[in-house]
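# Geometric and topological summary
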Amino acid sequence: MIKIELNKTGANSLEKRYFKNSSFSHVTGKQIKLLPFKTNPSGDIFNDDFKSFQGVIGELFRISNSKMQIELSQTNGSFKSGLKDVILESAIDRVDTESVEEFRSMISRLFFDEENGLIKFNIQTLSYMNFINSNNAIKEISKFIFDLFLKDNVDENNFNEDADNENLLHQLILQCLPKLPDSTDKQKISAYSNLFPELRRQFLEDFTFLKTNNSYFLKHVEDFFKYYYFHYLSQLILCISDFGTKTSSIKPVYFTMDWETLSETRLSSHLVGWKQLNKYSESIFAHVNALELLNYIYVDGKPVGDYQNILRTYIALNEQEKIKFQDCLKELTDFYTESITVFETGKNWDDCNRILELDLINKNFESEILKDIYCFWFRIKYQFENSPRKKPYNDYSKWYSQFGKVNYTKNRGRLGNTTILSQELLLFLTRICIGSEDKIRLKVLWDKFKDRGIVFDETTKLEITKLFEKINLIEKKSDSGDAQYVKSTI
């Protein structure tokens, strides 16, 4: 007989975690860790870091090397300027020259950009990139990416580059990089759950290929990690919105090129685009809280996991065990609704139940437990949308919506924002798709894009083909469309 119970009053229980000083407060990331988002601060304050992504990369490489960012005593308000000063002074100390200012000017010109940022010329320099916004909340994105894609697969060779093959000036600058302190975090903090292991496998394949050319890797390291971060978030949002009823296979997102014009007819034929992603992301905090609470239900001593695992677990139970599981979910629902008492004027649980009954009329659930889970989520969503908790609810979703907007969308007037790729990003992702091959069939390229979560309609495919022809990437074996090949860009 399988033991099924709701941890309501024991250690690390609902009442212990959700009630602080007799006041109910939502808690996430204790039972199941899904997303690196916060309700405070709001995601829209990080637009510059979302666009740059250099700070996320720097922290990611420091985590991978078990290091922390250095603290500079005098930075004049800018980490980049402070690091530049440290490196320049160290370089001057190491070189015997009578032309100190000329040497300083040369080093500054060769190794720092217009904003005083250290130019990436060796993988070791990546660990010195820093965030634009000083709020520590954004560091969690790096931990998230590490847990999802790199944890247990860290090869020191991936995060270090031999300096012996560098020229003398490069070696000098590497020697002048200040020593990074060891991290005090020994990775005891619980890891994020990866709901898409196949996406991780694709990432590792592409990462391994990209690392075969360090200069190309350095040029596109932000593009690479940024896309896989967005790709995973999009898949998670799509999967969760289905409550685990669909397979966990990748659901590709429709992209167009940023120079294209787009009609309403074309946009309506795109099964999944920014409109759908943005809409589903609005309620992501309700899903995260629903799953957190559901994971206080234990089956044979283990939390139940994500929606799909819950459904799989429930199906495997016998009838008596299923009844017990449903009883636990009812008890959980009662705990939640009895704990939430503050709503906006005119809103309450009776109003919620009335709206829920109307909503259920057009719903067709595969099982009673799926209906119960949906109703549980609906109540959580209702209270967020109709209480003083609405602002943090919206601020949480902005971690995804703002990231997508600043990196992968274009506003098309009355059509709103749509997902797009720039020419540079298209060519980079094409190179990733081709991998170690010299060339691949054009129709194979479309399949490889799909494997990585990207699909194009026929009009966009034609635009891309024209671009490839223009820059001489298309090789034709015959006049047949099937005999068109795309050549590697490097």
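Details of the structure are given in the entry above.
The structure reproduced in this document is the subject of the present report. (Residues numbered from 1 in each chain as written. Predicted model: local features only at pLDDT ≥ 70, side-chain atom pairs only at ≥ 80, totals over all residues. Heavy atoms only, no water.)

The next subject is the overall build of the protein. Per the secondary structure count, the protein includes 20 helices and 13 strands. Against the compact-globule benchmark of 23 Å for 490 residues, the protein has a radius of gyration of 26 Å, which places it among compact chains. Along the first, second and third principal axes, the C-alpha set of the protein runs to 80 × 65 × 45 Å. Taking all 490 residues of the protein together, the buried fraction comes to 53%. When contacts within the protein are restricted to residue pairs at least 6 apart in sequence, those whose partners lie at least 24 apart make up 77%. Summed over its atoms, the accessible surface of the protein is roughly 23,700 Å², and 45% of this surface lies on carbon and sulfur atoms. (Helix = DSSP H or I, 4+ residues; strand = E, 2+ residues; numbered from the N terminus. Rg over C-alpha atoms; globule rule 2.2 N^0.38 Å. Buried < 20%, exposed > 50% of the residue type's maximum accessible area, 1.4 Å probe, protein only. Contact = heavy atoms within 4.5 Å. Areas by Shrake-Rupley, 256 points an atom, 1.4 Å probe, with all protein chains shown as cover.)

Taking strand neighbours across the sheet as the criterion, the three strands line up as E1-E6-E7 in an open arrangement whose pairing is antiparallel. Two strands in the sheet have a free side with no partner beyond their single neighbour: strand E1 (4-6) and strand E7 (302-303). Of the pairings in the sheet, the one linking strand E6 (residues 297-299) to E7 comprises two bridges and is antiparallel in character. Paired with tyrosine 298 across the strands is proline 303, a residue of E7. (Pairing = 2+ DSSP bridges.)

As a further point, take the packing of helix H6 (residues 139-150) against helix H9 (residues 214-241). In a packed pair of helices, the relevant descriptors are the angle between the two axes and the axis-to-axis distance. The N-to-C vectors of H6 and H9 enclose an angle of 80°; their axes lie 11 Å apart at closest approach. One element, H6, and the other, H9, form an angle in the roughly perpendicular class. Along its contact with H6, which presents Ile141, Phe144, Ile145, Leu148, Phe149 and Leu150, the element H9 presents Phe225, Tyr228, Tyr229, Tyr232 and Leu233. Of the residues belonging to the contact of H6 with H9, the class tally is eleven nonpolar, no polar and no charged. (Axes fitted to C-alpha atoms, helices over the stretch in contact; angles between N-to-C directions. Parallel < 35°, antiparallel > 145°, perpendicular 65-115°, else oblique. Nonpolar A, V, L, I, M, F, W, Y, C, P; charged D, E, K, R; others polar.)

Here the focus is the state of the cysteines. Counted according to the given criterion, the structure contains zero disulfides. Free cysteine cysteine 352: the closest other cysteine sulfur is in cysteine 375, separated by 9.1 Å. Accessibility expressed as a relative area gives 0% for cysteine 352, which makes it buried. (Disulfide = S-S within 2.5 Å.)

With that out of the way, let us pick up empty space enclosed by the protein. Overall, the coordinates contain one cavity of 30 Å³ or more when judged by the stated rule. Estimates place the volume of the largest cavity at around 40 Å³. What lines the largest cavity is simply Asp206, Asp223, Phe224, Tyr227, Tyr228, Phe428, Leu429, Ile432 and Arg452. Elements represented by at least two residues in the lining of the largest cavity include exactly H9 and helix H18 (423-434). Top contributing element to the lining of the largest cavity by residue count: H9, with four residues. Of the residues assigned to the lining of the largest cavity, the class counts are six nonpolar, no polar and three charged. (1 Å grid on protein atoms, 1.4 Å probe; cavity = no way out; pocket = protein on both sides within 12 Å on 5 of 7 lines; lining within 4 Å. Points joined across faces, edges and corners; volume = space filled by probe spheres on them.)

Looking at where isoleucine 315 falls in the secondary structure, it is placed in helix H13 (residues 307-315). The exposure class of isoleucine 315 is exposed, given its relative accessible area of 63%. Sequence separation between isoleucine 315 and asparagine 386 is 71 residues, and the spatial gap between their C-alpha atoms is 34 Å.

Our next topic: the packing of aromatic side chains. According to the stated counting rule, one finds 59 aromatic pairs in the structure shown. Ring centres of tryptophan 274 and tyrosine 400 lie 5.7 Å apart, and the angle between their planes is 20°; on these two criteria the pair is classed as stacked. In this pair, tryptophan 274 sits in helix H11 (residues 274-281) while tyrosine 400 sits in helix H17 (residues 390-408), placing the two residues 126 residues apart along the sequence. The residues tryptophan 274 and tyrosine 400 share a single accessibility class, namely buried. The cationic tip of lysine 33 hangs over the ring face of tyrosine 192; the distance from NZ or CZ to the ring centre is 4.8 Å. (Phe/Tyr/Trp six-rings, centres within 6.5 Å; stacked < 30°, edge-to-face > 60°. Lys NZ or Arg CZ within 6 Å of the ring centre and 35° of its normal.)

Take the pairing of strand E9 (residues 417-421) next. Looking along a regular strand, one sees side chains alternate from face to face of the sheet. Most of E9 is tucked away, with four of its five residues classed as buried. Bridge count for strand E5 (residues 256-257) against E9 is two bridges, and the pairing is parallel. Residue pairing across strands places methionine 257 opposite leucine 421, the latter belonging to E9. The pairing of strand E8 (residues 409-411) with E9 spans three bridges and is classified as antiparallel. Bridge pairing in E9 places threonine 409 opposite threonine 419.

Most of helix H12 (residues 284-294) sits out of view: eleven of its eleven residues are buried. Turning to H12, its buried residues are Ile284, Phe285, Ala286, His287, Val288, Asn289, Ala290, Leu291, Glu292, Leu293 and Leu294.

On to the sheet that holds E5. With mixed pairing, the three strands of this open sheet are ordered in space as E5-E9-E8. In this open sheet, the two strands that pair with only one neighbour each are E5 and E8.

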